[in-house]
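Residues per chain, in single letters:
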Amino acid sequence: MAILITGGCGFIGSHTCLEMMSAGYDIVVMDNYYNSDPIALERVRALAGRDFPFYECDIRDADGLRNIFEHHTIDAVIHFAGLKAVGESVQKPLEYYDNNVGGTVTLCEVMAEYGCKRMIFSSSATVYGMGNPSPLLETYPTGAVTNPYGRTKYVIEEILKDLCVSDPEWSVVLLRYFNPIGAHESGQIGENPNGIPNNLMPYVSQVAIGKRPFLSVFGDDYDTPDGTGVRDYIHVVDLAKGHVKATDYALENAGAEVFNLGTGKGTSVLDLVKTFEKVNGVPVPYKVVARRAGDIATCYSDPTKAKEVLHWVAEKDLEDMCRDTWKWQSQNPDGFC
Ligand code: NAD
Ligand code: UD1
């Protein structure tokens with residue numbers, strides 16, 4: 001019995017590999033290294049003190065996937081593999097639909113061939129779109145997304161729900177992540193963005209280490225307590241533990257279920273910057289600039305369903321997230337090298 005982790009070399013995947021092994025699961029990992037470095041998995045092996053099989057494989061490669069299923073009995077798949085840059089998805093929509101949607105369809109087809117019908121899928125709070133008030137509940141309408149990346153997540157959710165309707169043996173857990181940040185407390189694995197970071201925390205940590213002169217705060221005139229955008233930041237290790245609980249659940253239940261994985265707390269851009277400076281004793285200079293197109297004022301979760309059904313709650317706070325991000329960034333100023 002093993003759990004296949006697609007995209008397991010990436011940011012959330014590498015942390016989840018570790019937590020799955022800590023919980024006693026055997027894992028098989030695959031990734032095409034499109035956005036990750038093999039060193040991440042070497043570090044996961046060292047931290048776990050355990051080895052696991054790895055396949056360099058693309059989720060769109062049906063024969064490559066079959067090879068994995070021929071060699072291992074896979075009970076469930078945790079499916080992280082995908083492209084995730086919002087701006088890039090606007091420029092290259094077909095790549096996003098091919099990789100994220102097409103790849104997921106191929107993966108499900110091969111899973112079904114081998115009688116493996118359990119999937120834990122990486123969805124995003126982005127599926128709630130612009131129109132819903134926070135705290136966001138799983139029952140709120142989805143689909144009013146503003147970019148192709150978000151649309152791939154919405155479409156995949158719908159495909160996986162359809163699959164569960166078509167065949168009652170399927171078990172799908174759709175996890176809607178809020179804003180994952182932080183790093184493993186060892187400082188050995190963390191987020192390693194290519195080029196200029198799009199997301200707030202990697203940008204803050206690159207300013208703190210001197211790679212970038214200042215943070216641009218995208219707007220201070222939102223209808224929020226300090227005027228800057230409010231989000232639900234969640235420590236990546238808490239998120240990884242959520243996948244352990246979701247796997248436990250998928251092994252025992254059939255059908256499609258959706259869960260928010262967030263803390264339920266809203267944090268503004270300036271709250272995050274000030275906490276980062278205080279906890280780590282480093283300055284993060286910033287300038288307020290215009291709003292970023294497509295941003296909303298406030299987005300945070302109601303995580304009650306995950307607590308009640310999965311018995312999961314986020315345990316780490318914003319200070320932990322800032323401390324662990326800085327440990328990773330300062331120990332690995334150039335990422336995995
Ligand atoms: P990541 O880019 O670090 O990890 C994704 C991994 O998938 C990478 O290692 C990449 O090489 C691999 N990959 C991509 N396409 C592949 C393919 N066709 N075949 C095999 N491997 C492939 O991203 P992450 O932050 O760890 O995100 C993991 C998942 O969670 C993604 O699906 C992402 O959309 C989703 N998600 C992330 C966030 C976030 O803020 N990080 C928020 C919501 C949802
Ligand atoms: C972004 C994506 C979203 C994706 C999520 C993954 C956009 C429009 N949305 O969401 O689809 O699911 O990442 O985590 O890209 N900010 C700054 N300066 C920066 C960067 C960000 O002020 O340099 C602000 C933003 O305006 C926002 C907050 O920080 O208020 C968080 O931004 P970010 O980390 O990009 O996450 P989201 O906007 O929630």
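The rules behind each value
- Residues numbered from 1 in each chain as written.
- Chains lettered and ligands numbered in written order.
- Predicted model: local features only at pLDDT ≥ 70, side-chain atom pairs only at ≥ 80, totals over all residues.
- Heavy atoms only, no water.
- Pairing = 2+ DSSP bridges.
- Helix = DSSP H or I, 4+ residues; strand = E, 2+ residues; numbered from the N terminus.
- Axes fitted to C-alpha atoms, helices over the stretch in contact; angles between N-to-C directions.
- Near = heavy atom within 4 Å.
- Nonpolar A, V, L, I, M, F, W, Y, C, P; charged D, E, K, R; others polar.
- Polar contact = N/O pair within 3.5 Å; in protein donor to acceptor, adjacent residues only side chain to side chain.
- Areas by Shrake-Rupley, 256 points an atom, 1.4 Å probe, with all protein chains shown as cover.
- Disulfide = S-S within 2.5 Å.
- Buried < 20%, exposed > 50% of the residue type's maximum accessible area, 1.4 Å probe, protein only.
- Salt bridge = Lys/Arg side-chain N within 4 Å of Asp/Glu carboxyl O.

Caption draft 1: Quick look at the sheet that holds strand β1 (residues 2-6). Pairing is parallel across the open sheet formed by seven strands, whose spatial order is β3-β2-β1-β4-β5-β6-β11. Of all the strands in the sheet, just β3 (54-56) and β11 (255-261) have a single pairing partner and so form its edges. The average angle at which neighbouring strand axes cross in this sheet is 15°, direction not considered. Pairing between β1 and strand β2 (residues 27-31): four bridges, direction parallel.

Caption draft 2: A look at the site of ligand 1. Contacts to ligand 1 come from 27 residues, most closely from D31, N35, S36, K84 and N99. Secondary structure elements with two or more residues in the shell around ligand 1: α1 (11-22), β2, β5 (118-124) and α6 (148-166). Looking at which element gives the most residues to the shell around ligand 1, the answer is β5, with three residues. Considering only residue class, the shell around ligand 1 consists of 13 nonpolar, 10 polar and four charged.

Caption draft 3: Structural detail: the site of ligand 2. Ligand 2 sits among 18 residues. The nearest are L200, S216, R231, R292 and D295. The contact in question runs from an oxygen atom of ligand 2 to an N or O atom on the side chain of R292, over 2.8 Å. In the complex, the protein chains occlude 86% of the 730 Å² of accessible area that ligand 2 would expose alone. With four residues, strand β8 (residues 215-218) is the largest single contributor of residues to the shell around ligand 2.

Caption draft 4: Broad picture of the state of the cysteines. Scanning the entire structure with this criterion turns up zero disulfides. C164 supplies the cysteine sulfur nearest to C108, a cysteine that is in no disulfide, at a spacing of 9.1 Å. Take C108: its relative accessible area is 8%, and that puts it in the buried class. The thiol of C116 is unpaired, and the distance to the nearest cysteine sulfur, on C108, comes to 9.6 Å.

Caption draft 5: Up close: the pattern of salt bridges. Inspection of the entire model under this criterion finds 18 salt bridges. R60 serves as the salt-bridge partner of D58, at 2.8 Å between the closest nitrogen and oxygen. In this structure, K92 and E88 form a salt bridge, with 3.8 Å as the shortest nitrogen-oxygen distance. Using a relative accessible area of 25% as the deciding quantity, one classes E88 as partly exposed.

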